[in-house]
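Fold and contact review
If you want the building blocks of each chain, they are given just below.
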Amino acid sequence: MSTKAQREARLPLDHAPREGTVHLLEIGGHRIGLVRVGDSLHALADRCPHRGAPLCSGRITTPIEVRDGGVGLGERASILRCPWHKWEFEIATGRCVVDPRLRVRKYAVRLEGDEIVVSLDHA
Amino acid sequence: MLIDCDIHVGYETLADLLDYLDGATRELVSSSGTNGLAMPSYPWNHPAGWIRQDVYERGSSVGDFPYLTLDTLRERHLDRYAVSIGVVEPDEAAAFAILPNSQLAARLCSAYNDWLLDRWLEEEPRLRGMIVVPAQWPEAAAREIRRVGTRDEFAGIFLPGAARIPYGNPVYDPLWEAANELALPVAVHTHFESVGIAGPVTAAGMPDYYGEYHALCGSGMYGHFVSILCHGIFERFPSTRVAMVEGGLVPFVGFLWRLDTNWKSCRNEMPWCKRRPSDYVWDHIRFATQPLESPDDPEQLVRAIEFLRPAETLMYASDFPHWDFDEPEQTLRQLPVEWRESVRWRNAQTFFRLPAPALA
């Protein structure tokens, strides 16, 4: 049975990842990527649900969307793109943009004082 | 035991081949264009990158094909998946066969094959090379096959899907004769359709998007497949074997059914095709798995390709390190248990005539 210590990781708030970067953590054997989108922090499993690639080593991108009949940019740095097959995942929800059956596992993130706490609890 | 029939390695820029070229070609390669000879390439770009992102640093390469080191290949692929033998296909060097200047192409092919031997095949015993040849000049291609084809480090001959004329046409007889003489298999691998001297990827006109191109890119291979069968290549060159690499699987079923039907009515215009075309396939042609078609229900794929006799004709291929890489266990899991051992290594060992000790 996991102890509380093995189910959580803490890091100083000023170590929060910059936009477009991933801070990798390991909690109880689980590799987890901490990512910032706007003012929010999200923790995602480092495993692509498509073919098992190390998802968090992929590139964080801004989605290209249809806007008024043309194309435009969606929410800035809100997509994580798998490094192998280039499938895209919405960081805020874990939802796979190209296959609604797939969702990357998300973990709970909270702030306690000057610390970020990531736990193995589901977000 | 695992044999991977499709691993890509390549030079970073043509300048890497300078040491393997004669003086005159070195001068031509160095002084051409703005920064040296530029190779023809696709009019489309993959919108998120050609190569698996974990094998190169973006911005670290001056060429369009980032340089994969032997150490990276070992760490990320050969060791990770316990690949017993990996068959190495070219990246940009596949374009030599669609250069307009066939004499230059011939010299580049020789330099590339020597470079491949020196830098990869002699360094890593798990690798076997495919000989790159100037297909647009079949006599020179035959000379290159005979020059290096007796080396154990080479497992066969590479031909790109892109070509000026389908590969069954008699202009290619010198190439097939050399392949037959050395009993070397030929891999026809999708590459550079619509580029250089090659015809368009389909008669519909040019696709707008890379995603379209990639769904259609097997078209050149289907043309060669049908041409090779109809011209009786396996009657005239009976030691010849051909692998269809990266053209998918399902389309070959439809083409074979249609061709078998046509042959019954049109046999008299191709009398050298003495048997029903599909009959040659079982003895002479093999199919690489990647990119494995992936319907939502994997059973649909199994039913769709059963006609190809997959337990006898399928060979595992990863396409490492390209973006559409297929991981071995995930690929094999999509196939029935009774096919897996053959697909994993047995069919490739027989096809490439790899010595059993090499697999130990």
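Described below are features of the structure shown in this document. (Residues numbered from 1 in each chain as written. Chains lettered and ligands numbered in written order. Predicted model: local features only at pLDDT ≥ 70, side-chain atom pairs only at ≥ 80, totals over all residues.)

Attention shifts here to the overall build of chain A. Secondary structure summary: chain A contains 1 helix and 11 strands in total. Secondary structure elements of chain A, listed N to C terminal, follow the sequence α-β-β-β-β-β-β-β-β-β-β-β. Over its C-alpha atoms chain A spans a radius of gyration of 15 Å, differing by no more than 12% from the 14 Å that the globule rule assigns to 123 residues. A buried classification covers 29% of the 123 residues belonging to chain A. (Helix = DSSP H or I, 4+ residues; strand = E, 2+ residues; numbered from the N terminus. Rg over C-alpha atoms; globule rule 2.2 N^0.38 Å. Buried ≥ 20, exposed ≤ 12 C-beta atoms within 10 Å, placed from the backbone.)

Residues and elements named next belong to chain A. With 6 bridges connecting them, strand S3 (residues 30-37) and strand S4 (residues 40-45) associate as antiparallel partners. Each residue of the ladder has a partner; that of Leu-34, found in S4, is Ala-43. What sits between the antiparallel neighbours S3 and S4 is a turn of 2 residues, in which Gly-38 has the positive phi angle 60°. In terms of strand pairing, S4 meets strand S10 (residues 106-112) through 2 bridges, oriented antiparallel. (Pairing = 2+ DSSP bridges.)

Okay, unusual backbone geometry next. All names here are of chain B. The step from Gln-290 to Pro-291 runs through a cis peptide bond, and the omega angle for that step is -5°. The residue Pro-291 is located in the loop between strand S7 (285-288) and helix H11 (298-305) in this model. A cis amide bond, omega 5°, links Phe-320 with the succeeding residue Pro-321. The residue Ser-194 is not glycine, and still its phi comes out positive at about 75°. With respect to the helices and strands, the residue Ser-194 is situated in the loop between strand S5 (186-189) and helix H6 (210-216). Ser-194 sits in the buried class, given 21 other C-beta atoms within 10 Å.

Moving on to helix H7 (residues 219-230) of chain B. All names here are of chain B. Its 12 residues place the ends of H7 17 Å apart at the C-alpha level, agreeing with the 16 Å of an ideal helix rising 1.5 Å per residue. By the criterion of burial, H7 is predominantly enclosed, with 9 of the 12 residues buried. The set of residues buried in H7 consists of Ser-219, Gly-220, Met-221, Gly-223, His-224, Phe-225, Ile-228, Leu-229 and Cys-230. Taken together, the buried residues of H7 touch S5, H6, helix H8 (233-236), strand S6 (242-245), helix H9 (250-266) and helix H10 (277-284). Following H7 by one or two positions, Gly-232 has its phi on the positive side, about 65°. (Expected span 1.5 Å × (residues − 1). Contact = placed C-beta atoms within 7 Å.)

With that out of the way, let us pick up the environment of Pro271(B). Mapped onto the secondary structure, Pro271(B) falls in the loop between H9 and H10. In this structure, the C-alpha to C-alpha distance between Pro271(B) and Gly232(B), residues 39 residues apart in sequence, is 8.3 Å.

So, on to the sheet that holds strand S3 (residues 127-132) of chain B. All names here are of chain B. Read across the open sheet, the 8 strands follow the order S1-S2-S3-S4-S5-S6-S7-S8; overall the sheet is parallel. The open sheet has two edge strands with one neighbour each: strand S1 (3-9) and strand S8 (314-315). Alignment of S1 against strand S2 (residues 85-90), held across 5 bridges, turns out to be parallel. By the bridge assignment for S2, Asp-4 is matched with Gly-86.

Below, the discussion takes up the environment of Phe252(B). All names here are of chain B. Structurally, Phe-252 is set in helix H9. Sequence separation between Phe-252 and Met-221 is 31 residues, and the spatial gap between their C-alpha atoms is 9.7 Å. Every residue in contact with Phe-252, bar those within four places of it in the chain, is listed here: Phe-225, Met-244, Phe-287 and Leu-308.

All names here are of chain B. Relative orientation of the contacting elements helix H3 (residues 102-121) and helix H4 (residues 138-148) amounts to 15°, with a least axis distance of 10 Å. As the angle between them shows, H3 and H4 are arranged roughly parallel. For the element pair H3 and H4, the recorded crossing hand is right-handed. Along its contact with H3, which presents Ser-102, Ala-106, Cys-109, Ser-110 and Asn-113, the element H4 presents Ala-140, Glu-144 and Val-148. (Axes fitted to C-alpha atoms, helices over the stretch in contact; angles between N-to-C directions. Parallel < 35°, antiparallel > 145°, perpendicular 65-115°, else oblique. Left-handed = near helix turned anticlockwise from the far one by under 90°.)

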